[in-house]
Amino acid sequence: LRTSGGPSSCICLGGYTGSGIVCVDIDECTAGTHFCAGQGSVCTNRDGGHNCVCAAGYTGDGTRCNDINECTEGGEDCAPGTAVCSNTPGSFICTCVDGYTGSGKVCTLLVDECVLGSHDCHTQAVCADTALSFTCTCASGYTGSGQRCTDLDECTLGSDDCAVSTSGGVCSNTPGSFACSCADGYTGSGKICTIIPVDEC
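Within each chain, residue numbers correspond to sequence positions counted from 1 in written order. Totals for whole chains, interfaces and linings use all residues, but because this is a predicted model, local features are given only for residues with pLDDT of at least 70 and pairs of side-chain atoms are given and counted only at 80 or more. Only hydrogens and water are set aside; all other atoms, that is, all heavy atoms of the structure, feed into the side-chain values.

**A word on the state of the cysteines**
Put plainly, a disulfide is one covalent bond tying together the sulfur atoms of two cysteines.
Stage number 1. For this text, the term disulfide refers to a pair of cysteine sulfurs within 2.5 Å. Per the stated rule, a full pass over the model turns up 13 disulfides.
Stage number 2. What pairs with Cys 162 in a disulfide is Cys 180, and their sulfur atoms sit 1.9 Å apart. For the disulfide bridge between Cys 162 and Cys 180, the dihedral angle about the S-S bond is near -85°, and by the sign convention the bridge is left-handed. Of the two residues, Cys 162 sits in the loop between helix 4 (154-157) and strand 15 (169-174) while Cys 180 sits in strand 16 (residues 177-182), which places them 18 residues apart along the sequence. Take Cys 162 and Cys 180: they sit in the same class, and that class is buried. For helices the rule is a DSSP run of H or I covering at least 4 residues; for strands it is a run of E covering at least 2, with both sets numbered from the N terminus onward. The rule is simple: take the accessible area with a 1.4 Å probe, protein chains only, and divide by the maximum for that residue type; under 20% is buried, over 50% is exposed, in between is partly exposed.

**Regarding the pattern of salt bridges**
Stage number 1. What makes a salt bridge here is a side-chain nitrogen of Lys or Arg within 4 Å of a carboxyl oxygen of Asp or Glu, nothing more. Under the criterion given, the structure shown has 2 salt bridges.
Stage number 2. With its nearest N and O atoms 3.5 Å apart, the salt bridge here joins Asp 77 to Lys 105. Placement of Asp 77 in the loop between helix 2 (70-73) and strand 7 (83-88) and of Lys 105 in the loop between strand 9 (100-102) and strand 10 (107-109) is noted, with a sequence separation of 28 residues between them.
Stage number 3. Residue classification places Asp 77 among the partly exposed positions, given a relative accessible area of 43%.
Stage number 4. Linking Lys 191 and Asp 161 is a salt bridge whose minimum nitrogen-to-oxygen distance equals 3.3 Å. You can see Lys 191 sitting in the loop between strand 17 (186-188) and strand 18 (193-195) and its partner Asp 161 sitting in the loop between helix 4 and strand 15, a full 30 residues away along the chain.
Stage number 5. The class for Lys 191 is partly exposed, based on a relative accessible area of 47%.

**Comments concerning the nonpolar core**
When a protein is soluble and globular, its nonpolar side chains tend to lie buried together.
Stage number 1. The biggest cluster of nonpolar side chains holds 7 residues, and these are Cys 78, Ala 79, Ala 83, Phe 92, Cys 94, Cys 96 and Cys 107.
Stage number 2. If near-sequence neighbours (up to four positions away) are discounted, Ala 83 is found in contact with Cys 78, Thr 95, Cys 96, Val 97, Gly 104 and Cys 107. Think of a nonpolar core as a cluster: buried Ala, Val, Leu, Ile, Met, Phe, Trp, Tyr and Cys residues, connected wherever their side-chain atoms sit within 4.5 Å. For this analysis, residues touch if any pair of their heavy atoms sits within 4.5 Å.

**Some details on the pairing of strand 8 (residues 91-96)**
Stage number 1. Every second residue of strand 8 is oriented toward a common face, the buried set being Phe 92, Cys 94 and Cys 96 and the non-buried set Ser 91, Ile 93 and Thr 95.
Stage number 2. Sheet topology note: the strand 7/strand 8 ladder contains 6 bridges and is antiparallel. Among the inter-strand pairings, Cys 85 is bridged to a residue of strand 8, identified as Cys 94.
Stage number 3. Two strands form a pair only when DSSP identifies at least two bridges running between them. Between strand 7 and strand 8, which follow one another and run antiparallel, lie 2 residues, and Gly 90 among them has a positive phi close to 80°.

**Focus: the environment of Glu 200**
Stage number 1. Among the structural elements, Glu 200 can be located in the segment after strand 18.
Stage number 2. For the pair formed by Glu 200 and Val 53, sequence separation is 147 residues and the distance between their alpha carbons is 110 Å.

**Focus: the side chain of Glu 113**
Stage number 1. Along the polypeptide, Glu 113 turns up in helix 3 (residues 113-116).
Stage number 2. The side chain of Glu 113 is buried and forms no salt bridge, while Arg 148, the nearest opposite charge, is found at 22 Å.
Stage number 3. In this structure Glu 113 touches Ser 118, His 119, Asp 129, Leu 132, Ser 133 and Phe 134, once residues within four positions along its chain are discounted. In this tally Asp and Glu are treated as negative and Lys and Arg as positive; neither His nor the chain ends contributes.

**Topic: a nonpolar patch on the surface**
Stage number 1. For patches, a residue must show more than 30% relative accessible area and have no salt bridge; joins then use 9 Å for like charges and 5 Å for nonpolar side chains, namely Val, Leu, Ile, Met, Phe, Trp and Tyr. To measure how exposed things are, a 1.4 Å probe is used in the Shrake-Rupley method; for residues, cover is taken only from the protein chains shown. Judged by side-chain polarity, Ile 21, Val 22 and Val 24 come together as a nonpolar surface patch covering roughly 320 Å² of accessible area.
Stage number 2. Residue position: Val 24 is located in strand 2 (residues 23-25).

**Thoughts on the environment of Asp 98**
Stage number 1. Of note, Asp 98 is situated in the loop between strand 8 and strand 9.
Stage number 2. Linking Asp 98 and Gly 168, residues 70 residues apart in sequence, is a C-alpha distance of 59 Å.

Note that all results are geometric; they support no functional claim without further evidence.
In structure tokens form, the structure reads like this:
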């Protein structure tokens, strides 16, 4: 640039900064001096300027972007008939309806094998339904995998609460449990036994 009667000078063009002899691009996106406005607008720097474009899930000219409702405009891929679509800013969420489980894009019918009786739990096990299957747990007083359960002998294991044999207690194992009684010559609940007094008369 030459002024009247003066020496020429150099200035940087718009979008650049520097002495005029050396000019450096201004990154408007980083500096926050861009014209991209609002949610969904993406700023991309270029030499001497910048571009505004709408992000995926939005529509507009880049300086103004509006959310696309994929649920009403057919841009979603939720499982048909078994999932519901919920719009979110720039995207959407698929959720399986009651009675189904999965990602929402794929939903599988929930089957309660415990109610239907289609499980393989032992007769002395408890069946618990899970999202896609079931679990088997041996009932109290039994041990095993759940598909196979065997009785615990509390008397042999010493996990009973009967009176000790030296005090007249007798432990009898029963399926899934045990029973306490008193030996001959003793009386009581089996958990507490006392000697029956001898009538010497």
